[in-house]
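# Chains, contacts and geometry: an overview
Now for the letters of each chain:
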Amino acid sequence: MDSDDDGDRRRDKFARERRDDDRFSYRRSGGGGGGYSRYDNKRPAGRREDYQVKRSRGDEGDDGFDPVRGDRNGNGAEPSSENSIYSGPLLPFKRFLTNQEDDISEEDAIKKYNEYKNEHRKFQLDRFFRAHKDEEWFRLKYKPEEAKKVKEVQLENVQKRLQIFNELKEQGQFDKFTLDFEDAEAILRMLDSVVVKLENGSEDDLKAVLAQKLDDESLADVKKENKDAAEKVEDQVKDEVKEEPNEEQEEGAIDDETDKASNKVNIHKTCSVFLRNIPPGLTYEELESTCKKYPGFLRLALTDGIAERRFYRRGWATFKRDVNIKEICWGLNAHRLRETDLNAIINRDITRRVRTNNGVAAHKQVALNDLKLAVKLTALYDKKLGLFNAADESESDREKDIRMGVDQVAASTNPLIKEIKSIVPKDTLNDISEEEAELLGVSNNGDSQSDKVRYERDDTILKALDLLIIYLRIVHSIDFYNHGHYAQEDSMPNRCGLIHVRGQPPSGASINTDENGDLIVPQKFINDFISGFNSRIDKGLIEKQYVSEEDMEKMGKKDGEKEVEAFIAINTVELAKDKWLCPLSGKKFKGPEFIRKHLQSKHEDKLEEARAEADFFNNYLADAQRPVDLEPKHMPHMSRDDHRGGGGDRGYGRERDDDRGPGGGRSSFGNGSYDRRPPFPPRHSLGGRGGGGRMFDDAPRRQPVSYRDLDAPDDIP
């Protein structure tokens with residue numbers, strides 16, 4: 001018993017020191033993820049719950065043959081990102097040179113830096129692919145089988161829209177209006193007709209929708225413009241203009257009771273909920289099954305991952321018009337998916353469905369330019385989706401023709417393009433070469449930019465242009481005057497929500513009228529408008545960047561057969577002489593050739609998976625607009641004097657070396673670009689109750705004051 005008591009006393013002798021040491025070590029390592037310090041006002045809650053013991057390198061898994069592939073490419077375990085020199089942000093050239101020899105030549109330095117940049121880019125792309133390849137949005141975009149299904153659904157939607165366009169065109173619906181803002185009511189009726197047909201509504205549904213009163217802010221704007229214009233004419237014309245709005249309100253008006261009781265008049269209207277916070281790993285099926293629990297669910301739309309939001313997605317859940325959307329929104333907010341709140345809010349209706357572009361778009365010269373662009377866009381998007389003459393061509397052949405610059409307008413068999421060519425004068429759509437334009441002196445449209453021209457409308461050109469713009473809007477979901485493509489429109493709450501049209505004739509200080517009352521517009525204004533509009537159309541709808549084979553090789557393009565061989569090699573392990581193991585199945589064989597046969601016969605699906613993943617990765621590389629991680633900010637290099645506080649700028653929130661352990665108390669966002677730790681207290685004395693406290697210098701040091709005489713010569717310190 002005495003020996004035991006002595007042992008207990010010996011063990012307790014340094015108990016207090018050990019406890020103090022544990023607290024000090026824990027504070028240095030930034031334990032608990034919160035970087036707790038004795039000077040913090042509040043202890044972080046649960047700081048020990050997320051503590052994890054670091055595994056040793058020789059821990060389990062080194063000698064065991066787990067039949068789980070480390071990575072789907074057959075390359076074994078994924079390389080460690082932490083220990084790679086390419087895992088951090090790209091080093092600037094000056095910082096890169098600090099790791100090189102002092103006598104390195106300029107040519108060698110540039111060569112090595114270029115090699116470093118290529119390897120860094122290759123590593124980052126591979127790491128991003130491995131991090132996101134299992135997320136649904138990434139698979140739908142780049143995985144061959146799933147991307148093919150998405151394109152098939154898109155083609156079905158476009159073909160249905162083409163059928164609706166042809167039906168409305170045969171009925172003469174497009175002859176009742178022009179795409180000018182004063183025809184906003186007829187344009188809204190046209191949009192509603194398209195939505196009813198997209199929702200598989202009957203003719204009775206369509207009549208009921210067209211009979212109800214329109215409620216849109218664009219109509220109020222039209223009435224206001226008409227009222228302003230009417231004030232400038234005689235009293236008789238004023239009275240006629242004032243009577244027209246009343247006739248429009250009475251025509252086809254329905255009772256409120258009928259509107260509430262009938263679902264048919266609401267077939268073109270929906271209620272929707274906007275989901276702001278969808279985790280990357282949450283699938284469409286999971287979210288759709290949750291939304292289907294509520295009555296009136298129609299469809300769900302999800303965006304791709306957003307890099308600025310850690311690749312979280314956004315979504316819109318669409319319901320019928322007669323549901324209680326507030327209760328549905330509350331229910332979705334009360335439901336957590338994968339421990340994440342969806343942050344649902346009620347999506348507001350579009351109150352202004354007809355919006356205006358600059359009225360100079362109706363000028364003959366501008367309209368002619370727009371007509372050429374619209375024809376080009378029509379032929380291009382028909383080719384992309386495989387409509388008309390491109391229906392029998394493979395996707396690779398169509399992409400090759402577009403990339404090689406084949407004249408799509410001349411090769412198109414779209415009957416609408418043929419009709420347009422018959423409407424406008426001959427050679428109107430023919431472009432001349434840049435050399436011919438320079439020789440003929442029409443590079444600037446044949447006029448000096450200082451001249452002014454009369455504002456002129458050509459109804460023939462505008463009629464042809466309107467047909468093409470409506471075709472692009474209905475069939476391909478392209479808003480021409482907004483130079484935008486609403487690619488996901490069929491899954492959004494509004495399937496044909498808004499359109500941009502030509503506004504009122506231009507006005508301003510530089511635009512005046514002649515003696516006949518006609519508008520006079522500066523030619524420079526017209527040329528600048530055409531140039532800017534063409535640039536936005538090219539960047540937004542026509543131009544597509546391509547990645548060359550050489551660049552893909554530099555970025556690490558994979559060969560499917562080589563990936564299969566790598567997979568076989570990683571699953572062929574020699575245990576002893578004439579004794580080989582297949583880690584995938586756990587079986588032993590006499591030689592590697594037997595393992596190859598075994599994998600080819602029993603695990604052919606795994607080989608196909610390795611081959612398919614190579615195509616998956618190559619599709620990601622082939623996208624010039626591929627998503628990547630945001631480049632983290634690189635911390636400035638600190639010299640030894642900076643660490644001692646002797647000069648140099650110290651970054652905000654930067655800890656002293658004696659307060660930083662291996663973790664440094666920084667968050668998982670990495671590289672010091674984001675720091676959750678609070679700013680350090682200023683220099684002060686932390687004295688005890690009896691005084692005699694210690695001084696702590698945690699604040700950034702200011703630059704020492706210089707007492708140098710400002711009037712002294714520069715060579716005198």
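Values in this document were obtained by computation on a predicted structure and should not be read as measured data.

Looking only at helices and strands, one finds 25 helices and 18 strands in the chain. Looking at the chain as a whole, 37% of its 717 residues are labelled buried. Long-range pairs, those at least 24 residues apart, make up 69% of the contacts in the chain between residues at least 6 apart in sequence.

One open sheet accounts for three strands, arranged β14-β15-β16; its pairing is antiparallel. The two strands at the open ends of the sheet, each matched to only one other strand, are β14 (573-576) and β16 (587-589). Within the sheet, the average angular offset between the axes of one strand and its neighbour, ignoring direction, is 35°. Taken together, the three bridges between β14 and strand β15 (residues 579-582) define a ladder with antiparallel strand orientation. Paired with A576 across the strands is K579, a residue of β15. Packing against the sheet, helix α23 (residues 592-602) makes contact with β15 and β16, and its axis sits at approximately 25° to β15.

A few words on the packing of helix α17 (residues 415-423) against helix α19 (residues 459-475). Close contact between α17 and α19 brings their axes to 9 Å; oriented N to C, the two are set at 170°. One finds that α17 runs roughly antiparallel with respect to α19. Contact with α17, carried on its side by L416, E419, I420 and I423, involves T460, A464, L467, L468 and Y471 of α19 and no other residues of that element. Split by residue class, the contact of α17 with α19 holds seven nonpolar, one polar and one charged.

Right, let's get into helix α20 (residues 523-542). Between its first and last C-alpha, α20 extends 26 Å over 20 residues, near the 28 Å set by a 1.5 Å rise per residue. Among the residues of α20, Q523, I526, N527, F529, I530, F533, N534, I537, L541 and I542 are the ones counted as buried. Mapping the buried residues of α20 onto a view down its axis gives an arc of 160°, with all of them on the same face. In this fold, the buried residues of α20 make contact with β7 (354-357), α14 (364-385), β8 (452-454), β9 (478-479), β10 (484-485) and β13 (519-522).

Attention shifts here to the pattern of salt bridges. Pairing is possible between side chains that carry opposite charge, provided their charged atoms lie close to one another. What the rule picks out here adds up to 37 salt bridges. Note that D401 and K383 form a salt bridge whose closest N and O atoms lie 3.2 Å from each other. Here D401 is found in helix α15 (residues 395-404), whereas its partner K383 is found in helix α14, with 18 residues between them in sequence. What makes K383 buried here is its relative accessible area of 7%.

This next bit is on the environment of Q212. Relative to the helices and strands, Q212 is located in the loop between α8 (203-211) and α9 (217-230). Judged by its relative accessible area of 4%, Q212 falls in the buried class. Q212 sits 53 residues away from V265 along the chain, and the two C-alpha atoms are 7.4 Å apart. In this structure the side chain of Q212 is engaged in a polar contact, spanning 3.4 Å, whose partner is the side chain of H268.

A few words now on the nonpolar core. Counting 72 residues, the largest nonpolar core has F174, L371, I420 and F480 as the members making the most contacts within it. A total of 12 residues in this core trace back to one element, the largest contributor, which is α19. Among the nonpolar cores identified, the runner-up in size contains 20 residues, and C271, L287, A317 and I328 belong to it.

The next subject is the packing of aromatic side chains. The full count for this structure, using the stated rule, is 27 aromatic pairs. Plain terms: the ring middles of W137 and F138 are 5.5 Å apart, the flat faces sit at 85° to each other, and that makes the pair edge-to-face. The exposure class of W137 is buried, given its relative accessible area of 1%. An aromatic cluster of at least three residues, connected via ring pairs, comprises F128, F129, W137, F138, Y142, F311, F616, F617 and Y620. Taking NZ or CZ as reference, K384 lies 4.6 Å from the ring centre of Y381, over its face. Lying across the ring of F617, K558 places its NZ or CZ 4.5 Å from the centre.

Time to look at the environment of K384. Along the chain, K384 turns up in helix α14. A residue is classified by how much of its surface remains accessible, and K384, at 34% relative accessible area, is partly exposed. In this structure, the C-alpha to C-alpha distance between K384 and R398, residues 14 residues apart in sequence, is 6.6 Å. Residues within four places of K384 in sequence aside, it is in contact with R398, I402 and L541.

Okay, a nonpolar patch on the surface next. A contiguous nonpolar surface patch, about 220 Å² in accessible area, is contributed by F93, L97 and I110. Within the fold, I110 resides in helix α4 (residues 106-132).

Where helix α6 (residues 144-170) contacts helix α7 (residues 184-198), the two axes come as close as 10 Å, and the packing angle between them is 130°. In this view, α6 runs oblique relative to α7, as classed from their interaxial angle. As α6 packs across α7, the resulting crossing turns out to be right-handed. Judged by residue contacts, K160, R161, I164, E167 and L168 of α6 engage S193, V194, K197 and L198 from α7. Among the residues forming the contact of α6 with α7, the class breakdown is four nonpolar, one polar and four charged.

In this section: α19. Here α19 spans 24 Å end to end across 17 residues, near enough to the 24 Å set by a 1.5 Å rise per residue. Counting buried positions along α19 yields 14 of 17 residues, so the element is predominantly enclosed. Measuring from the backbone nitrogen of T460 back to the side-chain oxygen at the start of α19 gives 3.1 Å, which picks out D458 as the cap. Two residues or fewer after α19 comes S477, characterised by a positive phi angle close to 55°.

Let's shift gears to unusual backbone geometry. Located in the positive-phi region is F311, a residue other than glycine, with phi close to 60°. F311 gets classed as buried once you look at its relative accessible area, which sits at 4%. Backbone geometry places S477, a non-glycine residue, at a positive phi of 55°. Structurally, S477 can be placed in the loop between α19 and β9. Residue S477 is classed as buried on the basis of its relative accessible area of 6%.

Along strand β1 (residues 270-278), eight of the nine residues are buried, which leaves the element largely enclosed by surrounding structure. Bridge count between β1 and strand β6 (residues 344-346): three bridges; the pairing is antiparallel. Across the sheet, the residue bridging to L275 is A344, located in β6.

Calculation criteria
Residues numbered from 1 in each chain as written. Predicted model: local features only at pLDDT ≥ 70, side-chain atom pairs only at ≥ 80, totals over all residues. Heavy atoms only, no water. Helix = DSSP H or I, 4+ residues; strand = E, 2+ residues; numbered from the N terminus. Buried < 20%, exposed > 50% of the residue type's maximum accessible area, 1.4 Å probe, protein only. Contact = heavy atoms within 4.5 Å. Pairing = 2+ DSSP bridges. Axes fitted to C-alpha atoms, helices over the stretch in contact; angles between N-to-C directions. Parallel < 35°, antiparallel > 145°, perpendicular 65-115°, else oblique. Nonpolar A, V, L, I, M, F, W, Y, C, P; charged D, E, K, R; others polar. Expected span 1.5 Å × (residues − 1). Arc of directions from axis to C-beta. Salt bridge = Lys/Arg side-chain N within 4 Å of Asp/Glu carboxyl O. Polar contact = N/O pair within 3.5 Å; in protein donor to acceptor, adjacent residues only side chain to side chain. Core = buried A, V, L, I, M, F, W, Y, C linked by side-chain atoms within 4.5 Å. Phe/Tyr/Trp six-rings, centres within 6.5 Å; stacked < 30°, edge-to-face > 60°. Lys NZ or Arg CZ within 6 Å of the ring centre and 35° of its normal. Patch = residues over 30% accessible without salt bridge, like charges linked within 9 Å, V, L, I, M, F, W, Y side chains within 5 Å. Areas by Shrake-Rupley, 256 points an atom, 1.4 Å probe, with all protein chains shown as cover. Left-handed = near helix turned anticlockwise from the far one by under 90°.

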